[in-house]
Amino acid sequence: MATDHSRIAARLMISPAVLLLLGWMVVPLSMTIYFSFLSYNLLSPGTEEWIGLVNYEFFLTDPAFFAALGNTLLLVGGVLLITIVGGVGLALLLDQPMWGQGIVRILMIAPFFVMPTVSALVWKNMFMNPVNGLFAHLAKFLGVAPFDFLAHAPLFSVVIIVAWQWLPFSTLILLTAMQSLDQEQLEAAKMDGAKKFRRFFHIVLPHLSRAITVVILIQTIFLLSIFAEILVTTNGGPGYASTNITYLVYAQSLLQFDVGGGSAGGIIAVILANIVAVFLMRMIGKNLEA
Amino acid sequence: MQTALFDHKKALVTVCAWAIGLAIFFPILWTILTGFKTEADAIASPPLFMGFDWTLENYNEVLERSNYFRHFMNSVVISVGSTLLGLLIAIPAAWAMAFVPAKHTKDILMWMLSTKMLPPVGVLIPIYLMFRDGGLLDTRSGLVLVLTMINLPIIIWMLYTYFKEIPGEILEAARMDGATLWSEIVYVLTPMAVPGIASTLLLNVILAWNEAFWTLNLTAAEAAPLTAFIASYSSPEGLFYAKLSAASTMAIAPILIMGWFSQKQLVRGLTFGAVK
Amino acid sequence: MGSIKLENVTKSFGDVAVIPPLNLEINEGEFVVFVGPSGCGKSTLLRLIAGLEDVSSGNIYIDGADATGIRPARRGLAMVFQSYALYPHMSVRNNIAFPLKMAGMAAAEIDRKVMGAAEVLNLTDYLKRRPGQLSGGQRQRVAIGRAIVREPKAFLFDEPLSNLDAALRVNMRLEISELHQKLKTTMVYVTHDQIEAMTMADKIVVLRKGVIEQVGTPLELYRNPANLFVASFIGSPKMNFLKGKEAARHDAHTIGIRPEHLSISRQEGLWKGTVGVAEHLGSDTFLYVTLADGSQVTVRAAGEVELSHGDSVYISAETDRIYRFGPDGLALK
């Protein structure tokens, strides 16, 4: 739709954004790759030397890495399971006629806007604390021994906190998708004699499948990088019980000052995220054409 | 006809929805309530829901003791600053891609998106070292830069989807009507794009306000925004529930209110237009 | 003023040639309609004239001056878009005034012209409203108003009526024709609707795949279609085509007869057939008849004809109204 004149103007207008993002992506990323081949500790500057793949070897044979990898998968998988199942249920519920729907929506969406450090601390201290937490009070009331969540089920606790933060996101998106469902299609199914249960599995769920995929992919991208919640609740512990890859890289590089090892971990995290990103990009790209 | 039966169902749905809604909201409600309790009431057993002496003491103490205001201003400057800077870079780019699409526009958009998928730990160390050497550690301007880059893809994408909805024919009409590129932007595009730009601004302020990877790793005392300030309550101060709650309430209240206004934009912004 | 001349104009998008070399002259004061099925390049052609697209090669002259590389704003043309393209954030008054403001005209002069246009278009009562508060027909009038205040050398219309409902379309058609009578300004009008072309045009340009199939007045095209495409595109209901034996009797590959040039009778006639569907419009009756050899023809009978499904009928053609076409699709003289 354009003339040469406007095409040149367009190129000029895109270039600052492109150059900045290119710089942001290429420069630090190539530095990380470079560091990952060095023996480089911040505590002993000037002793950097090229050691090839030793950092990767070290990282990939470190039991901490496998613990972190497993924790990352459990964290991502657990949160996804809760938010998708819960999100579909809540979207179904909110899609029904009711009184005060706007307010209910506002209540349900709220956790998403709470900053991660606040939600982590509130859950840690005011709910999961074995002495003064509300859960401890509840346990006392029921006559059972209070459970020290963060000490005995640290990863599970983090999953709960993160799922609470992300449940609104999936609910909101699935509800939006639900509302775009063609009512005539449902009515046609009703006319054809399909029962509620079958209508859900044959019409509603397939209609939602796209939105569910989007939610899974986007959440995965964010969940792979969960950091603040772990930092303020468990510090990755006890031991490595709640350390994920992101936290491990952070600990390696900024707590133990091992830049080389941390960089190798960072690159591994990038590779893991890319596996998900490829699928997500493909979905979004398809939508761009439509 | 079936009104009675219908209302019966509606009542049941309403009760369920409100119960779940309140349960999900409860941690926030509890935090707000606890902020108004004395420290003793905050850890009372059994817990006090309403029957306590309301006090503003915690707010006073948080405000007096801990430079709360500076951290609050850090949050404001960093989130608003990074969003405005991002808009400045993104508006021309999104305009160009929406209205003068070229062969590679789609590829550029997808590539921009891919930078958002880069996990922050992948670039943590170089950024940290560059900031250290460039004197940007623990400065507002340093964080503004990082958060601009972090959110730039989302800003560009949101603006792109909004601009896409402005029919190209209207801009062509302006061109036929004798508008120069400049007056086309000032008189036609901007007024039509303002709602979209405002939504983008809102959502990105929220995202930047709550960003808790870079803000925690790149700041100490000086430029720490509220995310990092609250993290300092981790221990042992966190055991003072009432003060923790008061500080938390102040940190989340403004964004909670903004967030409620941006529900729709949230879906569009965070799914990159894949769900509308 | 207002002649437009296209000389060897071509347009390609990437490797796809949308318009092969094309020549066309539009005379001052003419109402020219570009008509053709969707994708025939008619809108592209209009946008080339407007300057919204660059020509790939060739030249465009407006009033004899080369306008090929000139920006749309400087060409002195006004355009009415399919979607109306009104500025949604401006009042009707400001919409109409916009081109004058862009031209830097004095406020009093702008006001006078806007009022003048509003009066012509019956918009005086709506000047303060936003486009969103107007009906489709009113929006259309605002778009026209915005075009006429500029007193352009020529008006360009890009399918302006396609978003209106049928009744309104007939009204607007008349209004635009009247406007042309009054202003006597050149108008170039793009449509896929041959009825609009027939009713409004001084000159019709029939396009297919970027190629001009025929140029002529409505009646020239009706009476002497140059080829099968034009013959089938112009006229409603569509012309009937017969091949094989019937065509051979007229020394042609294909013969065409318009439905209105067929007559129907219960007793006698040239061909025997059976009525399929009969559409009773009151003023006319359209009969879809299957002939003995299996071919389908449409017959238009004047007035109320009491025939219905399954009736046996005879059909005859006005012999001097039979069009003959060769195997290449061109009309035989």
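As a convention, each chain's residues are numbered from 1 in the sequence order in which they are written. Key to labels: chains lettered from A, ligands numbered from 1, both in the order written. Reporting in this predicted model follows two pLDDT cut-offs: at least 70 for local features of residues, and 80 or more for side-chain atom pairs to be given and counted; totals over whole chains, interfaces and linings ignore these cut-offs and use all residues. Side-chain numbers come from the whole structure's heavy atoms, not from hydrogens or water.

Engineer: Whenever I open this one, the sheet that holds strand β18 (residues 323–325) of chain C confuses me. Can you help?
Structural biologist: One key point about sheets: their strands pair by backbone hydrogen bonds, in either a parallel or an antiparallel sense. Residue and element names in this part refer to chain C. The sheet built from three strands is open, its strands ordered β11-β12-β18 with antiparallel pairing. Of all the strands in the sheet, the pair left with one neighbour each is β11 (240–243) and β18. Taken over all neighbouring pairs, the strand axes of this sheet differ in orientation by 25° on average, direction set aside. Think of it this way: DSSP has to see at least two bridges between two strands before they count as a pair. Only DSSP runs of H or I with at least four residues qualify as helices, and only runs of E with at least two residues qualify as strands; both kinds are numbered from the N terminus onward. With four bridges joining them, β11 and strand β12 (residues 254–257) adopt antiparallel strand pairing. Residue pairing across strands places Lys243 opposite Thr254, the latter belonging to β12. Here an angle of 0 to 180 degrees is reported between the N-to-C directions of two axes, which are lines fitted to C-alpha atoms, with helices fitted over the stretch in contact.

Engineer: Help me out: how do you make sense of the interface of chain B and chain C in this one?
Structural biologist: The extent of an interface is frequently quoted as the accessible surface area lost upon association of the parts. Contact with chain B, which involves 15 residues of that partner, is made by 24 residues of chain C. Simply put, the buried area is the total loss of 1.4 Å probe accessible area from both parts when two parts are fitted together. Roughly 1,600 Å² is buried in total at the junction of chain B and chain C, and carbon and sulfur atoms are behind 64% of that figure. When the buried surface of chain B facing chain C is broken down by residue, Glu169(B), Met176(B) and Asp177(B) rank first, second and third, together holding 44% of it. Salt bridge, as used here, is a side-chain nitrogen of Lys or Arg placed within 4 Å of a carboxyl oxygen of Asp or Glu. The tally of links between chain B and chain C comes to two salt bridges. Here Asp177(B) ties to Arg146(C) by a salt bridge, and the two come within 3.5 Å at their closest N and O atoms. Pairing of N or O atoms within 3.5 Å defines a polar contact, subject to two protein rules: one partner must be a possible hydrogen donor and the other a possible acceptor, and residues neighboring in sequence count only if both atoms are side-chain atoms. There are six residue pairs in polar contact (both at pLDDT 80 or more) connecting chain B and chain C. Looking at the side of chain B that touches chain C, the elements that each hand over two or more residues are α8 (168–176) and α9 (181–210) of chain B. Looking at the side of chain B that touches chain C element by element, the count peaks at seven residues for α8(B). Basically, the charged four are Asp, Glu, Lys and Arg, the nonpolar ten are Ala, Val, Leu, Ile, Met, Phe, Trp, Tyr, Cys and Pro, and anything else, Gly included, counts as polar. The residue inventory of the side of chain B that touches chain C, partitioned by class, reads nine nonpolar, two polar and four charged. Contacts were defined at the residue level, with two residues in contact if any of their heavy atoms lie within 4.5 Å.

Engineer: Just to check I follow, could you spell out the interface of chain A and chain B for this structure?
Structural biologist: Taken residue by residue, the interface counts 98 residues in chain A and 106 residues in chain B. Overall, the association of chain A and chain B removes approximately 9,100 Å² of surface from exposure, summing both partners, and the carbon and sulfur fraction of that is 80%. The interface formed by chain A and chain B includes zero salt bridges. Applying the counting criterion to the chain A and chain B interface returns nine residue pairs in polar contact (both at pLDDT 80 or more).

Engineer: Explain unusual backbone geometry to me, please; I cannot follow it from the model alone.
Structural biologist: Among all residues save glycine, negative phi is the norm, and among peptide bonds the norm is trans. The residue after Ser236(C), namely Pro237(C), is reached through a cis peptide bond having omega -5°. Among the secondary structure elements, Pro237(C) is positioned in the loop between α8 (228–233) and β11. Backbone geometry places Asn235(A), a non-glycine residue, at a positive phi of 55°. In this fold, Asn235(A) is placed in the loop between α11 (228–233) and α12 (245–255). Not every positive phi belongs to a glycine, and Lys209(C) is a case in point at roughly 50°. Examined against the element boundaries, Lys209(C) turns out to sit in the loop between β9 (203–208) and β10 (211–216).

Engineer: It is not clear to me how the pattern of salt bridges should be interpreted in this structure. Could you clarify?
Structural biologist: Should the charged atoms of two oppositely charged side chains come close, the side chains can pair. Residue and element names in this part refer to chain C. Counted under the stated rule, the structure contains 19 salt bridges over all chains. We note a salt bridge from Glu246 to Arg249, for which the minimum N-O separation is 3.0 Å. You can see Glu246 and its partner Arg249 sitting in helix α9 (residues 245–249), three residues apart, about one turn around the helix. Residue classification places Arg249 among the exposed residues on the basis of a relative accessible area of 53%. One salt bridge connects Arg300 with Asp284, and the closest N-O pair in it is separated by 3.2 Å. Each residue is placed in one exposure class: buried if its accessible area under a 1.4 Å probe, protein chains only, is under 20% of its type's maximum, exposed if it is over 50%, and partly exposed if it falls in between.

Engineer: What is the right way to look at the confidence of the model for chain B in this model?
Structural biologist: Interpretation of the predicted coordinates at a detailed level should be avoided for regions scoring low in pLDDT. The predictor attaches a confidence to each residue, and that confidence, scored 0 to 100, is pLDDT. Averaged over all residues, the pLDDT of chain B is 84; the fraction at 70 or higher stands at 94%. Helix α13 (residues 263–270) of chain B is the least confidently modelled element of chain B, averaging 72 in pLDDT, while helix α4 (residues 68–99) of chain B averages 90, the highest of any element.

Engineer: Hey, could you run me through empty space enclosed by the protein in this one?
Structural biologist: It is the rolling of a water-molecule-sized probe over the atoms that shows where space remains empty. A pocket here means an open set of points on a 1 Å grid, computed over the protein atoms alone, that has protein on both sides within 12 Å along at least five of seven lines. A cavity is instead a set of points where a 1.4 Å probe fits but cannot get out; residues with an atom within 4 Å of a point line either one. Grid points are joined across faces, edges and corners, and a volume is the space filled by probe spheres set on the points. Applying the stated criterion across every chain, the model contains seven cavities of 30 Å³ or more. Space inside the largest cavity adds up to approximately 750 Å³. Trp166(A), Phe222(A), Asn210(B), Glu211(B) and Ala212(B) are, among the 33 residues lining the largest cavity, the residues nearest its centre. Of all the elements in the fold, those that place two or more residues in the lining of the largest cavity are α8 (154–179), α10 (196–223) and α11 of chain A together with α5 (105–116), α7 (140–164) and α9 of chain B. At five residues, α7(B) tops the list of elements feeding residues into the lining of the largest cavity.

Engineer: Just checking my understanding: could you explain the domain arrangement of chain C for this structure?
Structural biologist: Residue and element names in this part refer to chain C. Domain ranges listed in this record stem from an automatic or a database domain assignment. Once the domains are mapped, chain C shows domain 1 (4–232) and domain 2 (238–325). Computed over C-alpha atoms, the centres of domain 1 and domain 2 are 38 Å apart. Every contact between the two is made by eight residues of domain 1 and, on the other side, 10 residues of domain 2. Between domain 1 and domain 2, the buried area comes to about 770 Å², and carbon and sulfur atoms account for 61% of it. It is Tyr222, Leu228 and Ser232 that lose the most area in domain 1 upon contact with domain 2, and together they represent 65% of the buried surface on that side. At the boundary of domain 1 and domain 2, one finds zero salt bridges. At the junction of domain 1 and domain 2, the tally comes to four residue pairs in polar contact (both at pLDDT 80 or more). Put simply, the parts of the chain that give the side of domain 1 that touches domain 2 at least two residues each are α7 (218–223) and α8.

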